[in-house]
Amino acid sequence: MDLLGTQLETLFNTAQTEIFIAAPFIKAAVLKEIFTYIKPEVTVKCFTRWLIEEIIIGVSDLEIWTIIQSHPRASLWLRNDLHAKYYRSDEQCLIGSANLTAKALGWTNKPNLELLVQLPVNHSCLPEFEWELFKKSIQIDEQLYQEYFTIINQIKNQNIPLEQLRFSTDLSLDIVSNENWIPTLRNPEELYLAYCGKEDKLTAIARNNAISDLNYLNIIPNLNQNNFNAYVGILLLEKPIIQEIDNFVQIPRRFGAVRDFLASLLCANIPNVNPERAWQTLMRWLLYFLPSRYALSVPNYSEVFYRIK
């Protein structure tokens, strides 16, 4: 029986047009080896997840961004509820259990027991899977990579014991799936008080909203305030509605324009959501937790919100 790594090498070596990679865990050394079998003229779309706990523990590497950049037609995308392992070369796919790690592909003395099965690209729901994955992923650029790099190194420097990082390979334990989520706490600076167990310093409404938002965000315990703020910022950028807003405000937008755009998104279907109040709250969060990414100007008494270039 061939090593799974050999199966992938053979698959990618035959690609003439496009390669599609989806794996929750990707190690840089493995991806670098895989790329030696990919022709430079082939388009590569690589999808993974970057849960901060997993990066710190070492099951995935941020450094795959450098490898992606070295290929002229490669792009990197994140979707943090990704659990599938899926590899396509033009019209042929391998699907199964193997991540892009040495243990999964059989490149160590003690490999995992894994499986990859070859199927044609038009088999069953595979085209629908690709479309669903693509439309709800966020593309990595240098700015977003640097934001991940900064917060991960800050948390490492805080020396939080690894056993306190609530890591599980069972995705269902780690991520609350709710595409419609938007923050409810009006004053984002109060979120850290609730995180630290100082809810008594908040009003009853603020306390309830803060606890609700924290339950959704599921943040690593025992962060200092600077790391907490940076971590929340990263989590915000991963959320589908915030991704939509992020794209929309690449062009400076007046308050009413963003409010109306937000009203057109899925959050408008949440019971009792007021788009104007929702945008006021979300805008405060983005300015507070992502001050290097967003800014607000007030020309002629009209608020204009935009993404910093």
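Coordinates for the structure precede this section.
The present account deals with the structure reproduced in this document.

About the criteria used
Residues numbered from 1 in each chain as written. Predicted model: local features only at pLDDT ≥ 70, side-chain atom pairs only at ≥ 80, totals over all residues. Heavy atoms only, no water. Pairing = 2+ DSSP bridges. Helix = DSSP H or I, 4+ residues; strand = E, 2+ residues; numbered from the N terminus. Buried < 20%, exposed > 50% of the residue type's maximum accessible area, 1.4 Å probe, protein only. Arc of directions from axis to C-beta. Contact = heavy atoms within 4.5 Å. Axes fitted to C-alpha atoms, helices over the stretch in contact; angles between N-to-C directions. Expected span 1.5 Å × (residues − 1). Salt bridge = Lys/Arg side-chain N within 4 Å of Asp/Glu carboxyl O. Left-handed = near helix turned anticlockwise from the far one by under 90°. Nonpolar A, V, L, I, M, F, W, Y, C, P; charged D, E, K, R; others polar. Polar contact = N/O pair within 3.5 Å; in protein donor to acceptor, adjacent residues only side chain to side chain.

The subject of this paragraph is the pairing of strand 5 (residues 92-96). Where strand 4 (residues 85-89) lies against strand 5, five bridges are found, and the strand directions are antiparallel. Looking across to strand 5, one finds that R88 is bridged to C93. Count of turn residues in the strand 4/strand 5 antiparallel hairpin: two residues, of which D90 carries a positive phi of about 55 degrees. Here five bridges tie strand 5 to strand 6 (residues 116-120), and the two strands are oriented antiparallel to one another. Among the inter-strand pairings, Q92 is bridged to a residue of strand 6, identified as P120.

It is worth spelling out helix 1 (residues 4-13) at this point. In an α-helix, one turn spans 3.6 residues, which is why side chains three or four residues apart end up on the same side. Residues of helix 1 that are buried: L4, G5, L8, E9, L11 and F12. When helix 1 is viewed along its axis, its buried side chains cluster within an angular range of 165 degrees and face the same direction. Considering only its buried residues, helix 1 is in contact with strand 1 (18-22), helix 2 (28-35), strand 4, strand 5, helix 5 (102-105) and strand 6.

Along the polypeptide, G197 turns up in the loop between helix 8 (191-195) and helix 9 (204-217). Here G197 falls in the partly exposed class, since its relative accessible area comes to 46%.

Let's shift gears to unusual backbone geometry. If you check the backbone angles, D90 has positive phi at about 55 degrees while not being a glycine. With respect to the secondary-structure elements, D90 resides in the loop between strand 4 and strand 5. Exposure remark for D90: the relative accessible area of 17% places this residue in the buried category. The backbone phi angle of S124 is positive, close to 50 degrees, even though this residue is not glycine. Relative to the elements of secondary structure, S124 occurs in the loop between strand 6 and helix 6 (126-135).

As summarised here, the arrangement of the seven strands in space is 6-5-4-1-2-3-7, forming an open sheet in which the pairing is mixed. The two strands at the open ends of the sheet, each matched to only one other strand, are strand 6 and strand 7 (138-139). By the bridge criterion, four bridges tie strand 1 to strand 4 in an arrangement that is antiparallel. Looking at the pairing, I19 lines up with S89 of strand 4. Along the sheet, helix 1 makes contact with strand 1, strand 4, strand 5 and strand 6, crossing strand 4 at roughly 35 degrees.

This part covers helix 9. Here helix 9 contains 14 residues, and its C-alpha end-to-end distance of 20 Å stays within 8% of the 20 Å for a straight helix at 1.5 Å per residue. All of the buried residues along helix 9 are A206, A210, D213, L214, Y216 and L217. The buried side chains of helix 9 occupy one side of the element, clustering within an arc of 160 degrees when seen end-on. Turned more than 90 degrees from where helix 9 packs its buried face, N208 and N215 sit exposed.

The next point concerns the pattern of salt bridges. Two side chains of opposite charge can pair, provided their charged atoms sit close to one another. Considering all chains together, one arrives at 14 salt bridges under this definition. In this structure, K27 engages D61 in a salt bridge whose closest nitrogen and oxygen atoms are separated by 3.0 Å. With K27 in the loop between strand 1 and helix 2 and D61 in the loop between helix 3 (52-57) and helix 4 (64-70), the pair connects residues that are 34 residues apart, well separated along the chain. On the basis of relative accessibility, which here comes to 15%, the residue D61 falls in the buried class. The partner of K136 in a salt bridge is E132, and the shortest N-O contact between them spans 2.9 Å. On the basis of relative accessibility, which here comes to 24%, the residue K136 falls in the partly exposed class. The class of E132 is partly exposed, set by a relative accessible area of 27%.

We now examine the packing of helix 11 (residues 240-248) against helix 12 (residues 255-263). Remark: helix 11 packs on helix 12, axes separated minimally by 11 Å, with the N-to-C direction vectors making an angle of 145 degrees. Of the two elements, helix 11 crosses helix 12, and the hand of that crossing is right-handed. Here I241, E244, I245 and F248 of helix 11 lie close against helix 12, whose contacting residues are A257, V258, F261 and L262. Split into classes, the residues belonging to the contact of helix 11 with helix 12 amount to seven nonpolar, no polar and one charged.

Okay, the environment of P127 next. Following the sequence through the fold, P127 ends up in helix 6. The exposure class assigned to P127 is partly exposed, which follows from its relative accessible area of 44%. Taking the C-alpha atoms as reference points, P127 and K85, separated by 42 residues in sequence, lie 14 Å from one another. Sequence-distant contacts of P127, that is, excluding residues within four places in its chain, are made with V121 and N122.

Our next topic: the side chain of S89. Looking at the element boundaries, S89 is found in strand 4. Within the local environment of S89, its side chain forms a polar contact with the backbone nitrogen of A15, the two atoms lying 3.4 Å apart. Not counting residues within four places of it along the chain, the set of residues in contact with S89 comprises L11, F12, T14, A15, E18 and I19.

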